[in-house]
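Residues per chain are reported as follows:
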There are 2 protein chains.
Amino acid sequence: MAKTAPKTRKTVRTPPVTTAALARLRDAGLRPTRQRIALAALLFDGHPYGRHVTAEMLFDEARKRGARVSLATVYNTLNQFTEAGLLRELVVDPGTSHFDTNMGDHHHLYFEDSGELRDVDAGGIEIKGLPATPRGAEVARVDVIVRLRRR
Amino acid sequence: MAKTAPKTRKTVRTPPVTTAALARLRDAGLRPTRQRIALAALLFDGHPYGRHVTAEMLFDEARKRGARVSLATVYNTLNQFTEAGLLRELVVDPGTSHFDTNMGDHHHLYFEDSGELRDVDAGGIEIKGLPATPRGAEVARVDVIVRLRRR
DNA sequence: TCAATAGATTAGAATTATTCTAACTAAAGA
DNA sequence: TCTTTAGTTAGAATAATTCTAATCTATTGA
Ligand SMILES: [Mn+2]
Ligand SMILES: [Mn+2]
Ligand SMILES: [Zn+2]
Ligand SMILES: [Zn+2]
């Protein structure tokens, strides 16, 4: 519309896009850079039940959506998000790490043929008979992975 | 002792060392080569409760004991043993595969600080509330990994 | 608003785990 | 013993990930 520059320019400020992604970064104490915002949006926006991605998957997705981001940054970001408690790392597969946006207490179904990971809420699960936690140690996490194959 | 060669040489045959390792290879239908025998002996002999190794660990151990074996053969052998049902592959750690000689139904304590893996017999463990196996799929295995860190 | 600065991004090199290749060697069977 | 088949090997290749060092950018204090 306005092709002519205004005589007196109002202060140019970053638009107050308080997206969920942006808020998440702020809360985590991470500088909201373009690429972190883009990656956080891909990871979290519109995925109420969480998602599971590899670095390569997220990188390809970001590129397809036109984000200018390098693979190194995707790795950096996934690791930072994990450290910040925004993600958890899953190791189900020799060779590649998966990252999980679902931070709730849950376990996984892993379809070995397709590589698909499906969440299983821990709410309905009870594990009885685990040994006492060795002294000097504390439980960081209990992972249950049900490995499935095509029958 | 005998520095002089015998007049009539008896047929030189491989000594009939029917070790456990050798028997295991035969049963699995694997040719009992020097390196497979050496690796099987390291993996299985004198380890009634099983052991957990990486390729690199087993390679170093074999070398220390004077076995002439390459790292490629260690990888080949671990994969063959796994396919043959003599080992199972464990993935607990991003970056490296571990191989487990305990083929009984069991789970693991994983000490994240030291990398130690400790077995937990599945006999005393009950997991309730897992979802029904999706149709078209069957459960290949259920892995429970209790991840511990120094308190 | 702007310059200074701490922090982030990047391409490409480096590293690590693993597999592949293709030449060599050993086990099996006749 | 001979022939055949399978296994071993060094080194190259590949894949995932991290590192390096140069460049860029978000933040902040003036
Ligand atoms: Mn995968
Ligand atoms: Mn390890
Ligand atoms: Zn999940
Ligand atoms: Zn075990």
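For the structure, check the block above.
So, here is what we can say about the structure in this document. Worth saying up front: this structure is predicted, and the values here are computed from it rather than measured.

Some words on the protein's contact with DNA strand D
(1) Moving on: Surrounding DNA strand D, one finds 20 residues, the nearest of these being Tyr75 and Gly95 of chain A together with Arg31, Thr33 and Thr73 of chain B.
(2) Moving on: When the atoms of DNA strand D within 4 Å of the protein are grouped by moiety, sugar and phosphate amount to 88% of the total.
(3) Moving on: One of the side-chain nitrogen or oxygen atoms of Asn79 of chain A is found 3.2 Å away from a phosphate oxygen of DNA strand D.
(4) Moving on: Mapped onto the surface near DNA strand D, the elements with two or more residues apiece are helix 4 (71-83) and strand 3 (96-100) of chain A together with helix 2 (34-44) and helix 4 (71-83) of chain B.
(5) Moving on: For the surface near DNA strand D, the element with the highest residue contribution is helix 4 of chain A, accounting for four residues.

Some words on the interface of chain A and chain B
(1) Moving on: Contact residues are listed per partner, giving 37 residues for chain A and 37 residues for chain B.
(2) Moving on: For the chain A and chain B pair, buried surface summed over both sides reaches about 3,200 Å², with 61% attributable to carbon and sulfur atoms.
(3) Moving on: Of all residues in chain A, Val91, Glu138 and Arg147 of chain A give up the largest surface area on contact with chain B, accounting jointly for 18% of the area buried on that side.
(4) Moving on: The tally of links from chain A across to chain B stands at two salt bridges.
(5) Moving on: Close ionic contact of Arg147 of chain A with Asp143 of chain B constitutes a salt bridge, the shortest N to O distance being 2.8 Å.
(6) Moving on: The tally of links between chain A and chain B comes to 16 residue pairs in polar contact (both at pLDDT 80 or more).
(7) Moving on: Every element with two or more residues in the side of chain A that touches chain B is listed here: strand 2 (88-93), strand 4 (106-111), strand 5 (117-121), strand 6 (126-128) and strand 7 (137-150) of chain A.
(8) Moving on: A per-element tally of the side of chain A that touches chain B places strand 7 of chain A first, with 14 residues.
(9) Moving on: Looking at the side of chain A that touches chain B, its residues break down into 19 nonpolar, five polar and 13 charged.
(10) Moving on: As defined by bridge partners, strand 7 of chain A adjoins strand 7 (residues 137-150) of chain B across 13 bridges and the pair is classed as antiparallel.

Quick notes on the sheet that holds strand 2 (residues 88-93) of chain B
All names here are of chain B.
(1) Moving on: The strand order across the open sheet built from three strands is 1-3-2, with neighbouring strands paired in antiparallel fashion. Either end of the sheet is taken by a strand with one partner, and the two such strands are strand 1 (52-53) and strand 2.
(2) Moving on: As judged from the four bridges shared by strand 2 and strand 3 (residues 96-100), these two strands associate in the antiparallel manner. Its bridge partner being in strand 3, Arg88 is matched across the sheet by Asp100.

Points about the coordination of the zinc ion (ligand 3)
Residue and element names in this part refer to chain A.
(1) Moving on: In the first shell of the zinc ion (ligand 3), the protein supplies His52 (NE2), Asp100 (OD), His106 (NE2), His108 (NE2) and Asp119 (OD), at 2.0 to 2.2 Å from the metal.
(2) Moving on: Mapping the donors of the zinc ion (ligand 3) onto the primary sequence yields the spacing H-x47-D-x5-H-x1-H-x10-D. With His106 in strand 4 and Asp119 in strand 5, the pair connects residues that are 13 residues apart, well separated along the chain.

Concerning the relation of the copies chain A and chain B
Superposition of the two copies of the chain requires a rotation about an axis and a shift along the axis.
(1) Moving on: Taken as rigid bodies, chain A and chain B are interconverted by a rotation of 180 degrees and an axial shift of 0.0 Å, the fit giving an RMSD of 0.0 Å. The two molecules are tied by a two-fold rotation axis, judged by turn and shift.
(2) Moving on: A symmetric contact is evident, with 100% of the interface residues of chain A recurring at the interface of chain B.

Conventions adopted
Residues numbered from 1 in each chain as written. Chains lettered and ligands numbered in written order. Predicted model: local features only at pLDDT ≥ 70, side-chain atom pairs only at ≥ 80, totals over all residues. Heavy atoms only, no water. Near = heavy atom within 4 Å. Polar contact = N/O pair within 3.5 Å; in protein donor to acceptor, adjacent residues only side chain to side chain. Helix = DSSP H or I, 4+ residues; strand = E, 2+ residues; numbered from the N terminus. Contact = heavy atoms within 4.5 Å. Buried area = accessible area lost by both parts, 1.4 Å probe. Salt bridge = Lys/Arg side-chain N within 4 Å of Asp/Glu carboxyl O. Nonpolar A, V, L, I, M, F, W, Y, C, P; charged D, E, K, R; others polar. Pairing = 2+ DSSP bridges. Donors = N, O, S within 2.8 Å, 3.2 Å for Na, K, Ca; no water. Least-squares fit on C-alpha atoms with pLDDT ≥ 70 in both.

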